[in-house]
Amino acid sequence: MNKKGMILRTPLIVRFCHWCMVCLFILTALSGLSLFFPSIKLFGLFLGTPQLVRALHPIIGCVVFVLLMFMLIKLAHHNIPNKNDLLWIKNFKHVIMGKEEGIPIGKYNVGQKFLFWCIMSLIFVLFVTGLIMWRRYVSDYFPIQIVRIAIFLHSFAAICLILLAIGHAYMALWVKGSIKGMITGYVSRAWAFKNHSSWYEEEMKKVYQQELNAESETKVEQSPQTEQKPAL
């Protein structure tokens, strides 16, 4: 891929973590649905027999939690709300129509930040409630009333997370270039300027500074070495 005129948006480690998490989340969601709705047990066949599904579902869920916590550490500082987010909300109609020009948007817009914190909150609820209801290992340490509440909250949070994941996938398809950016890690400067103008300006300042430093180093290397004559 020709990286000239491109901007690095997502580092390799984050992309790798993201796609691993996506694959495992799909397995976790399908297996969870098959356990919750026996009539669609076909969803759980990806992991094997019902007994194997019941054993693997919580383990894979814990791996998804760890991966999302890693992404929380790497991306949280980009998802802190700021005053420019108010302008995005006020101009939401223009954003939906694809007219983001002139609206200062950082690396992630308000919708992406909202999705990010919702996912992180829900995965935390799923992790805690999943531990409480994890039979054979943990559930015996809690009263049955607590386990029942955990089952309800776990199911509710799972449905919400699945719906958010579907919405996230739809928005990635809707904004042309988003999926390619998550696969290769790079986006075009035109894409960055249109969809995330403030982040584009920050990145271009870095690029400009790097070019200045490279030009200065080249001039120093090419400058003739003047010989100093010894004083008489």
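Bear in mind that the values here come from a model prediction, so they are computed numbers and not experimental data.

Asks: What should I look at first to understand helix H1 (residues 12-36) in this one?
Replies: Note: α-helices contain 3.6 residues per turn, so residues at a spacing of three or four share the same orientation. Look at H1: 36 Å from first C-alpha to last across 25 residues, which is about the 36 Å you get at 1.5 Å a residue. Of the surrounding elements, those touching the buried residues of H1 are helix H2 (50-75), helix H6 (144-174) and helix H7 (178-184).

Asks: Help me out: how do you make sense of the confidence of the model for the protein in this one?
Replies: Do not read the fine detail of predicted coordinates wherever pLDDT is low. Looking at the protein as a whole, the pLDDT averages 86, with 91% of positions reaching at least 70. At the low end of the mean pLDDT range in the protein sits helix H4 (residues 92-96), at 75; at the high end sits helix H5 (residues 110-132), at 95.

Asks: Would you mind showing me how to read the pattern of salt bridges here?
Replies: Pairing of side chains with opposite charge becomes possible as their charged atoms draw close. With the rule as written, the count across this model stands at 2 salt bridges. Note that Lys-206 and Glu-203 form a salt bridge whose closest N and O atoms lie 3.4 Å from each other. Of the two residues, Lys-206 and Glu-203 both sit in helix H9 (residues 197-222), 3 residues apart, roughly one turn of that helix. Lys-206 sits in the partly exposed class, given a relative accessible area of 48%. With relative accessibility at 15%, the residue Glu-203 sits in the buried group.

Asks: What's the story with the environment of Leu-212 in this structure? I'm lost.
Replies: Relative to the elements of secondary structure, Leu-212 occurs in helix H9. Leu-212 sits in the partly exposed class, given a relative accessible area of 32%. Taking the C-alpha atoms as reference, Leu-212 lies 29 Å from Met-182; in sequence the two are 30 residues apart.

Reading the values: rules and limits
- Residues numbered from 1 in each chain as written.
- Predicted model: local features only at pLDDT ≥ 70, side-chain atom pairs only at ≥ 80, totals over all residues.
- Heavy atoms only, no water.
- Helix = DSSP H or I, 4+ residues; strand = E, 2+ residues; numbered from the N terminus.
- Expected span 1.5 Å × (residues − 1).
- Contact = heavy atoms within 4.5 Å.
- pLDDT = per-residue confidence, 0-100.
- Salt bridge = Lys/Arg side-chain N within 4 Å of Asp/Glu carboxyl O.
- Buried < 20%, exposed > 50% of the residue type's maximum accessible area, 1.4 Å probe, protein only.

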